[in-house]
Amino acid sequence: RKIVLSISAVVAMSSLVFAGGGTKEVTEVVEPVVAIPMAEELSGFYAGLGLSAVSSRDASVSMDFLDAAAGQDRLGNVTFSAGYNVNEYIAVEGRYTTTFSDEDLVEMDGWSLFAKPQYPVSEDFSVYALLGFGGVSMDGINGSAVDVDETSFQWGLGMNYLATENISIFIDYTSLAADMDGVYWNGALQVDADAITLGVNYLF
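Scoring rules and cut-offs
- Residues numbered from 1 in each chain as written.
- Predicted model: local features only at pLDDT ≥ 70, side-chain atom pairs only at ≥ 80, totals over all residues.
- Heavy atoms only, no water.
- Pairing = 2+ DSSP bridges.
- Helix = DSSP H or I, 4+ residues; strand = E, 2+ residues; numbered from the N terminus.
- Phe/Tyr/Trp six-rings, centres within 6.5 Å; stacked < 30°, edge-to-face > 60°.
- Lys NZ or Arg CZ within 6 Å of the ring centre and 35° of its normal.
- Axes fitted to C-alpha atoms, helices over the stretch in contact; angles between N-to-C directions.
- Polar contact = N/O pair within 3.5 Å; in protein donor to acceptor, adjacent residues only side chain to side chain.
- Contact = heavy atoms within 4.5 Å.
- Buried < 20%, exposed > 50% of the residue type's maximum accessible area, 1.4 Å probe, protein only.

## Some points on the pairing of strand β4 (residues 106-120)
Of the pairings in the sheet, the one linking strand β3 (residues 90-101) to β4 comprises nine bridges and is antiparallel in character. Note that in β4 the partner of E93 across the bridge is F114. Adjacent in sequence and paired antiparallel, β3 and β4 are bridged by four residues, among which D104 carries a positive phi angle near 65 degrees. Strand direction decides the pairing type here: β4 and strand β5 (residues 125-140), joined by 13 bridges, are antiparallel. Bridged to G110 within β5 is V136. Count of turn residues in the β4/β5 antiparallel hairpin: four residues.

## Observations concerning the packing of aromatic side chains
Tallied over the full model, the rule gives five aromatic pairs. For the cation-ring pair, K116 lies above Y128, with the distance from its terminal atom to the ring centre recorded as 4.5 Å.

## So, unusual backbone geometry
With a phi angle near 55 degrees, N142 is a residue other than glycine that sits in the positive phi range. Counting through the fold element by element, N142 comes out in the loop between β5 and β6 (147-162).

## A closer look at the sheet that holds strand β7 (residues 167-183)
Strand order in the closed barrel formed by eight strands is β1-β2-β3-β4-β5-β6-β7-β8, with antiparallel pairing between adjacent strands. For this sheet the average axis-to-axis angle between neighbouring strands, irrespective of direction, equals 25 degrees.

## Things to note about the side chain of K116
Along the chain, K116 turns up in strand β4. Reaching out from K116, the side chain makes a polar contact with the side chain of Y46 at a distance of 3.4 Å. A polar contact of 3.1 Å, which involves the side chain of K116, links it to the side chain of E93. Ignoring sequence-local partners within four residues, the contact set of K116 consists of Y46, Y89, I90, A91, E93, Y128, A129 and L130.

## Re the side chain of E93
Residue position: E93 is located in strand β3. Classification of E93 by relative accessible area gives buried; the value is 4%. Contacts of E93, omitting those with residues within four sequence positions, involve Y46, S81, A82, G83, S112, L113, F114 and K116.

Here it is, written out as structure tokens:
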């Protein structure tokens, strides 16, 4: 008899538990979703401004910015650039340069279109080459007989440092022209022009 009563009590308690469970609402705990802002992706386009030390000279004279060698005119140019990074290894770039300071003999304007192979040495530092085509125009001032205007192959080498996410600093050497035909102030008919440029690019 005691065993029967115990079994009946267990069954009754189980029935109450299930019945009570049917009347309670089960609330699902939902964790809040935190929106993490995505970093703005750069477009690949960039534009820059630089200062260029330019050597224009008789093709038989070596470039020397420290000593005004015979047949060499040293110019101060401002250089504008714009380009597009296709990826981290290749870019295309255009440049325009014009004289703002000279030695009273020559003024120069030039344009360039470059393919720009580049190699990231580290996260912030890269090296690159410039390979392309451009034109150089030189005119004499203060009575100097200079008349040079020619297009030719151009090349260069440089390095780039990413100072911030949007700003990079670069320095490069470019050969703007070699053995250009024209009239130069010292009577030379073959003229070379080279530039060393220090500048800043803004990445969009």
